[in-house]
Amino acid sequence: MAKGIVIREAHFPGRAPIEAYGNGGFRFADMSHRGSLLCLPSGIYGWEAADPLALTAADFAKLFNEAAKVEILLVGSGKDLRPLPAALRTALKEAGISADPMSTGAAVRTYNVLLAEDRAVAAALIAVD
């Protein structure tokens, strides 16, 4: 019996460079995603975060589950550089993750370079218009 439409969490099961960003989303792996992204060793996930000043450790639960595989976290905070909240910086440091906030465009470019170098990198990218 048909159950109707099943909505699943947005997830790409692998690592891929970000091909483009803007207009509220991203392109990667010949696909597009509207909204923010969390790029981890286990894949690329749709991410609900939209306000860089309101980020908490709870927004990074998936990242903390993979902390042993991540050395560097690039945080794309939208059009402008925004500092990470102190509590989040502390949680990341305790997990052994070096966090580097920057604009989303800079984070995308840096992520692609580090990914090409096969570095232990993750990225939290807030979508920009």
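Below is a summary of the structure that appears in this document. Quantities reported herein were computed from a predicted structural model and do not represent experimental measurements.

**Things to note about the sheet that holds strand β4 (residues 31-34)**
Backbone-to-backbone hydrogen bonds join strands into a sheet, with any given pair of strands oriented parallel or antiparallel.
1) Next: Spatially, the three strands line up as an open sheet ordered β2-β3-β4, and their pairing is antiparallel. The sheet is open, and its two borders are formed by β2 (18-22) and β4, each paired with just one other strand. Neighbour-to-neighbour, the strand axes of the sheet open up by a mean angle of 15 degrees, direction not taken into account.
2) Next: Its contacts with the sheet put helix α3 (residues 104-116) on β2 and β3 (25-28), and the angle it makes with β2 is roughly 180 degrees.

**Description of helix α2 (residues 86-94)**
One turn of the α-helix equals 3.6 residues, which is why residues spaced by three or four share an orientation.
1) Next: Those residues of α2 not exposed but buried are Leu88, Ala91 and Leu92. Seen along its axis, α2 keeps its buried residues to an arc of 95 degrees; they face one direction. Facing away from the buried side of α2 by more than 90 degrees, the exposed set consists of Ala87, Lys93 and Glu94.
2) Next: For α2, the secondary structure elements touched by its buried residues are α1 (61-65), β7 (72-76) and β8 (98-102).
3) Next: Note on α2: the residue one or two positions beyond its end, Gly96, has a positive phi of about 80 degrees.

**Details of the nonpolar core**
1) Next: Ranked by size, the top nonpolar core spans 19 residues in total, and within it Trp47, Leu55, Phe60, Leu63 and Leu73 carry the most contacts.
2) Next: Breaking this core down by element, the ones donating at least two residues are β5 (36-40), β6 (43-47), β7, α2 and β9 (121-125).
3) Next: Contacts of Phe60, omitting those with residues within four sequence positions, involve Leu38, Trp47, Leu55, Leu73, Leu88 and Ala124.

**Overview of unusual backbone geometry**
1) Next: Positive phi, normally seen in glycine, also occurs at Ala29, with a value near 50 degrees.
2) Next: Position of Ala29 among the secondary structure elements: in the loop between β3 and β4.
3) Next: A residue is classified by how much of its surface remains accessible, and Ala29, at 26% relative accessible area, is partly exposed.
4) Next: Of note, the phi angle at Asp30 is positive, near 60 degrees, even though the residue is not glycine.
5) Next: On the secondary structure map, Asp30 appears in the loop between β3 and β4.
6) Next: With relative accessibility at 67%, the residue Asp30 sits in the exposed group.

Rules and cut-offs
- Note that residues are indexed from 1 along each chain, following the sequence as it is written.
- Per-residue local features of the predicted model are confined to residues with pLDDT of at least 70, and side-chain atom pairs are confined, for both listing and counting, to 80 or more; whole-chain, interface and lining totals are unaffected and use all residues.
- As a rule here, side-chain values come from all non-hydrogen atoms in the structure, and water together with hydrogens is ignored.
- Here, strands pair whenever DSSP counts at least two bridges between them.
- By the criteria applied, helices consist of DSSP H or I runs no shorter than four residues and strands consist of E runs no shorter than two, each listed in order from the N terminus.
- Interaxial angles span 0 to 180 degrees and are taken between N-to-C directions of axes, which are lines fitted to C-alpha atoms, for helices over the stretch in contact.
- The contact criterion used is simple: two residues touch if any of their non-hydrogen atoms lie within 4.5 Å.
- Only protein chains enter the area calculation, which uses a 1.4 Å probe; residues under 20% of their type maximum are buried, those over 50% are exposed, and those in between are partly exposed.
- Arc definition: directions from the helix axis to the C-beta atoms.
- Put simply, a nonpolar core is a bunch of buried Ala, Val, Leu, Ile, Met, Phe, Trp, Tyr and Cys residues held in one set by side-chain atoms that sit within 4.5 Å of each other.

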